[in-house]
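A structural walkthrough
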Amino acid sequence: MVQAKQRLGELLRPLPVQEIFDRGQRKTESHVQGTLRMGRDATDSVVDRDMIHHKLRNLVVVGTSTFPSCSCVNPSLTAAALSLWAASRIA
């Protein structure tokens, strides 16, 4: 990271970059998750296990927003797997 930071200005020179901010390491992966939770019924969740909205049955929601809780690692592969699962369930 030290070398990358030292060369960043040189690498970006052709671009109109005015300032570079280094915010350091973050405590989490910073992926927003769980805003449209998956669950068994509409009283405590938005979508069912097939990622289909409880009330709007023609709406499929994919992405990390459907996670019932946040993961401690990068969620990309899980999000991709759930998206493929949802696609397979559409009839």
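Look up a bit, the structure's there.
Residues numbered from 1 in each chain as written. Predicted model: local features only at pLDDT ≥ 70, side-chain atom pairs only at ≥ 80, totals over all residues. Heavy atoms only, no water.

**Some points on the overall build of the protein**
Counting secondary structure elements, the protein contains two helices and zero strands. Its C-alpha atoms give the protein a radius of gyration of 19 Å, clearly above 12 Å, the size a compact globule of 91 residues would have. Expressed as lengths along the three principal axes of its C-alpha atoms, the size of the protein is roughly 50 × 25 × 20 Å. Burial analysis of the protein (91 residues in total) assigns 20% to the buried set. Sequence-distant contacts in the protein: of pairs separated by 6 or more residues, those separated by 24 or more amount to 42%. (Helix = DSSP H or I, 4+ residues; strand = E, 2+ residues; numbered from the N terminus. Rg over C-alpha atoms; globule rule 2.2 N^0.38 Å. Buried < 20%, exposed > 50% of the residue type's maximum accessible area, 1.4 Å probe, protein only. Contact = heavy atoms within 4.5 Å.)

**Examining the side chain of Ser65**
You can see Ser65 is positioned in the loop between helix H1 (2–12) and helix H2 (76–89). Once you skip the residues sitting within four places of it in the chain, Ser65 turns out to touch Gly34, Thr35, Leu36 and Arg37.

**Regarding the pattern of salt bridges**
Following the criterion strictly, the structure yields three salt bridges and no others. The closest approach of N and O atoms between Asp50 and Arg89, which form a salt bridge, is 3.1 Å. In this pair, Asp50 sits in the loop between H1 and H2 while Arg89 sits in helix H2, placing the two residues 39 residues apart along the sequence. (Salt bridge = Lys/Arg side-chain N within 4 Å of Asp/Glu carboxyl O.)

**Quick notes on the environment of Leu12**
Of note, Leu12 is situated in helix H1. You can call Leu12 partly exposed: its relative accessible area is 25%. When the C-alpha positions of Leu12 and Ala81 are compared, they lie 35 Å apart, and in sequence the two are 69 residues distant.

**Some words on a nonpolar patch on the surface**
On the surface, a cluster of nonpolar side chains totalling about 320 Å² of accessible area is made up of Leu8, Leu15, Val17 and Ile20. Here Leu8 lies in helix H1. For Leu8, a relative accessible area of 31% corresponds to the partly exposed category. (Patch = residues over 30% accessible without salt bridge, like charges linked within 9 Å, V, L, I, M, F, W, Y side chains within 5 Å. Areas by Shrake-Rupley, 256 points an atom, 1.4 Å probe, with all protein chains shown as cover.)

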